[in-house]
Amino acid sequence: VICLLSGGASALLVAPAEGVTLEDKQEVTALLLNAGAAIGELNAVRKHLSAVKGGRLAQAAYPAQMVTLVLSDVIGDRLDVIASGPTVPDGSSFASAWSVIEKYRLQEKIPKRVLHYLQRGVDGLEPETVKDGDPCLLNTRNVIVGGLVQALAAAADKSRQLGVSA
């Protein structure tokens, strides 16, 4: 399986977890953004409401070999952040996703399906996202083929070629 990821993939690669609707995910995302949640907090919640984020795409492809070619738009090129990490292990948990909901006092505002799904996850009744060492990752390779560092270096080289200080 060849997977191509680029900027915007978090918003475009959408498959809600069973029992959660796309509208539910959109509403939770809007609530978190309006509350001022950081991208890591937003991703922790999004990963746990998804059937593909947080390593679950690699899990779905297993046992096939998978290579993911990544165009990164994330400072530091963290694979678990790019596109919410569909082919890499996830360091967040249902508990951390729930703590984000609590931090912004959204328990009464999020859709009931999301509330129940996250609570079931915290209670261990829903499958956790893929963690480091999961066998589904053995056949998965992630390669950053372009990113901010490469783009800046190319721009600087071209500028120097044109006689402009960079």
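Residues numbered from 1 in each chain as written. Predicted model: local features only at pLDDT ≥ 70, side-chain atom pairs only at ≥ 80, totals over all residues. Heavy atoms only, no water.

J.: Whenever I open this one, the environment of Gly76 confuses me. Can you help?
T.: Within the secondary structure layout, Gly76 lies in the loop between strand 2 (66-71) and helix 5 (94-103). Each C-alpha atom, one on Gly76 and one on Gly147, is 9.2 Å from the other, the two residues being 71 residues apart in sequence. (Helix = DSSP H or I, 4+ residues; strand = E, 2+ residues; numbered from the N terminus.)

J.: What is the right way to look at the packing of helix 5 against helix 6 (residues 112-122) in this model?
T.: To describe two helices that pack against each other, one gives the angle between their axes and the distance between the axes. The contact between helix 5 and helix 6 brings their axes to 8 Å, and the two run at 140 degrees. Here helix 6 runs oblique to helix 5, going by the angle between their axes. Considering how the two elements wind past one another, helix 5 and helix 6 form a crossing that is left-handed. Here helix 5 contributes Phe94, Ala95, Ala97, Trp98 and Ile101 to the contact with helix 6, which in turn contributes Leu115, Tyr117, Leu118, Gln119, Gly121 and Val122. Grouping the constituent residues of the contact of helix 5 with helix 6 by class yields 9 nonpolar, 2 polar and no charged. (Axes fitted to C-alpha atoms, helices over the stretch in contact; angles between N-to-C directions. Parallel < 35°, antiparallel > 145°, perpendicular 65-115°, else oblique. Left-handed = near helix turned anticlockwise from the far one by under 90°. Contact = heavy atoms within 4.5 Å. Nonpolar A, V, L, I, M, F, W, Y, C, P; charged D, E, K, R; others polar.)

J.: Help me out: how do you make sense of the nonpolar core in this one?
T.: Nonpolar side chains in soluble globular proteins tend to be buried together. Membership of the largest hydrophobic core comes to 20 residues, with the highest contact counts inside it found for Leu32, Val45, Leu49, Ile101, Ile110 and Leu118. Those elements that place two or more of their residues in this core are helix 2 (22-35), helix 3 (39-48), helix 5 and helix 6. For this core, the leading source of residues is helix 5, giving 5 residues. When neighbours within four sequence positions are excluded, Ile110 is seen to be in contact with Val28, Leu31, Trp98, Ile101 and Leu115. In terms of nonpolar packing, the next biggest core, distinct from the first, is built from 14 residues, Ala9, Val74, Val81 and Ala83 among them. (Core = buried A, V, L, I, M, F, W, Y, C linked by side-chain atoms within 4.5 Å. Buried < 20%, exposed > 50% of the residue type's maximum accessible area, 1.4 Å probe, protein only.)

J.: For this particular structure, what's the right way to read the pattern of salt bridges?
T.: A pair can form between side chains of opposite charge whenever their charged atoms are brought close. Scanning all chains against the criterion turns up 8 salt bridges. Of the charged contacts in the structure, one is a salt bridge between Asp24 and Arg113, with a shortest N-O distance of 2.6 Å. Residue Asp24 is located in helix 2, and its partner Arg113 is located in helix 6; the two are separated by 89 residues in the primary sequence. Given a relative accessible area of 3%, Asp24 falls into the buried group. Relative accessible area serves as the criterion here: at 44%, Arg113 is assigned to the partly exposed category. Here Asp90 and Lys47 are joined by a salt bridge, their closest N and O atoms 3.0 Å apart. (Salt bridge = Lys/Arg side-chain N within 4 Å of Asp/Glu carboxyl O.)

J.: Help me understand the side chain of Thr140, please; the structure alone is not making it clear to me.
T.: Along the chain, Thr140 falls in strand 3 (residues 140-146). Among the polar contacts made by the side chain of Thr140, one reaches the main-chain carbonyl oxygen of Cys136 at a distance of 3.4 Å. Leaving out residues up to four positions away in the same chain, Thr140 has contacts with Ala58, Met66 and Thr87. (Polar contact = N/O pair within 3.5 Å; in protein donor to acceptor, adjacent residues only side chain to side chain.)

J.: In this structure, what is going on with the sheet that holds strand 1 (residues 2-5)? I would like to understand it.
T.: Each strand in a sheet pairs with its neighbour through backbone hydrogen bonds, running either in the same direction (parallel) or in the opposite one (antiparallel). Spatial ordering of the open sheet is given by 1-2-3, a layout of 3 strands whose pairing is parallel. Every interior strand has two partners, whereas the edge strands, strand 1 and strand 3, have only one. Between one strand axis and the next, the sheet turns through 20 degrees on average, direction left out of account. The sheet contact formed by strand 1 and strand 2 spans 4 bridges and is parallel. Bridge pairing in strand 2 links Leu4 to Leu69. (Pairing = 2+ DSSP bridges.)

J.: Whenever I open this one, the environment of Ala166 confuses me. Can you help?
T.: Along the chain, Ala166 falls in the segment after helix 7 (148-161). Classification of Ala166 by relative accessible area gives exposed; the value is 63%. Excluding anything up to four places from it in sequence, Ala166 contacts Ala156, Ser159 and Arg160.

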